[in-house]
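Inside the fold
Listed here are the chains, written in short residue letters.
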Amino acid sequence: METSPNHKAKVQAYHASLWVNTILPPIKLVVGFLGNSAALVADGINSLTDIISNIVVYALLKVSGKPRDEGHSYGHGKYETVASFALGAAMLVAGILIIVDAGSTIGNYFSDGILPEQPDYIVLAVAILAMGLKEWAYLYTLKKAKETHSEVLHAEAMDHRSDVFTSLAVLIGAGASILLGGVAQLMEPIAAIVVAGFVMRMGVEVTLPSLAKLTEASLPKETEAEILDIARSIEGITDPHNLRTRMTGSDTIAIEMDVRVNGHTSLYDAHDLTILVEEKLIERFGEGTHIIIHIEPTLPYIHKVGGHKENHGETAQ
């Protein structure tokens, strides 16, 4: 089996993020250090974690596109979920590091009266450049995430959007420090803390859904209700129950449930009914949907318990 066209589109779209995230960190860090901007350095650290997480995510994304094999009967889709979780975790770590550094700078002012240096005007230019590139990357990646139903591309798009706001915070903090001076120079580390807030918020939004999938959380109740309705829509199928659902990848699901069929129905006909249910579910949720349907007879039927036959309901005519 070859890698699907949908997965190839995911990898191709991820390349754009990889290039943007590779270009910006060195620019931010160099200009931040030389231009006396703590906020831009913090933003650069954030972007540096983007590169590291991008490398990890890219490697896992390539693996997730592999078809199922003997060791992975359900395919490798969960690797993409792992990648999303890793990306969210990296964002949380980056946010914590930024807060610690900025908090130390603010603490130095209140303990020793030391103000951070004013940044140079080039810091503002870099912040504007970063905002423009990240906004483009956000719109492009989000579009591709919707087209490919990719959770990792959606996570990456959210990271781009958070970076837009972090660069805006840098622009405001550096601008206030340059134009106002004095105590306003504390706007730089304050901006860095704002940057961290955006980063950590997006990190939580990316990490929690991925964690739910990794821990085999069920699909939303409204989705499960829709699955039961689809089963009921097939004439001859009654009382779908004992439904179990989970995600097997970023855009593939597994469905298991019991249904009841008239006890006098032949095995062939009962099997055909379950095929109709499967076709409807695949039409709704995609070709990669994993489906297991267990058939139970409705009354009347005879159930063997402990070697003894028990009649349930009417006797067959």
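Relevant structure appears above.
Overview of the structure. Just so it is clear, the model here is predicted, and its values are computed rather than measured.

**Some remarks on the overall build of the protein chain**
- Scanning the protein chain for helices and strands turns up 8 helices and 5 strands.
- Across the protein chain, helices and strands are ordered from the amino to the carboxyl terminus as α-α-α-α-α-α-α-β-β-α-β-β-β.
- Burial statistics for the protein chain: of 317 residues in total, 44% are counted as buried.
- Total accessible area computed for the protein chain in this model is approximately 16300 Å², and 63% of it derives from carbon and sulfur atoms.

**Brief notes about the packing of helix α4 (residues 122-148) against helix α5 (residues 151-180)**
- As a packed pair, α4 and α5 sit with axes 8 Å apart at the nearest point and diverge in direction by 165°. When the axis of α4 is compared with that of α5, the two are roughly antiparallel. Crossing handedness for the pair α4 and α5: left-handed.
- Grouping the constituent residues of the contact of α4 with α5 by class yields 19 nonpolar, 6 polar and 6 charged.

**A short note on the pairing of strand β3 (residues 290-297)**
- Taken together, the 8 bridges between strand β2 (residues 253-261) and β3 define a ladder with parallel strand orientation. Opposite Arg260, over in β3, you have Glu296 as the bridge partner.
- On the question of chirality, the crossover connecting β2 to the parallel β3 by way of helix α8 (residues 267-285) is right-handed.

**So, the side chain of Ser177**
- Following the sequence through the fold, Ser177 ends up in helix α5.
- For Ser177, a relative accessible area of 0% corresponds to the buried category.
- Filtering out sequence-adjacent residues up to four positions away, Ser177 remains in contact with Gln118, Pro119, Ala184, Gln185 and Glu188.

**A short note on helix α7 (residues 221-232)**
- Along its 12 residues, α7 runs 17 Å from first to last C-alpha, staying within 8% of the 16 Å computed at 1.5 Å per residue.
- If you check which residues of α7 are buried, you get Thr223, Glu224, Ile227, Leu228, Ile230 and Ala231. All buried residues of α7 project into a common sector of 155° when viewed along the axis, lining one side. Of the exposed residues in α7, those oriented more than 90 degrees away from the buried face are Lys221 and Glu222.
- Looking at the buried residues of α7, the elements they touch are β1 (238-247), β2 and α8.

**Digging into helix α6 (residues 187-214)**
- Look at α6: 40 Å from first C-alpha to last across 28 residues, which is about the 40 Å you get at 1.5 Å a residue.
- Within α6, burial applies to Glu188, Pro189, Ala191, Ala192, Val195, Ala196, Val199, Met202, Gly203, Val206, Thr207 and Ser210.

How each quantity is defined
- Residues numbered from 1 in each chain as written.
- Predicted model: local features only at pLDDT ≥ 70, side-chain atom pairs only at ≥ 80, totals over all residues.
- Heavy atoms only, no water.
- Helix = DSSP H or I, 4+ residues; strand = E, 2+ residues; numbered from the N terminus.
- Buried < 20%, exposed > 50% of the residue type's maximum accessible area, 1.4 Å probe, protein only.
- Areas by Shrake-Rupley, 256 points an atom, 1.4 Å probe, with all protein chains shown as cover.
- Axes fitted to C-alpha atoms, helices over the stretch in contact; angles between N-to-C directions.
- Parallel < 35°, antiparallel > 145°, perpendicular 65-115°, else oblique.
- Left-handed = near helix turned anticlockwise from the far one by under 90°.
- Nonpolar A, V, L, I, M, F, W, Y, C, P; charged D, E, K, R; others polar.
- Pairing = 2+ DSSP bridges.
- Right-handed = clockwise from strand over helix to strand, strands pointing away.
- Contact = heavy atoms within 4.5 Å.
- Expected span 1.5 Å × (residues − 1).
- Arc of directions from axis to C-beta.

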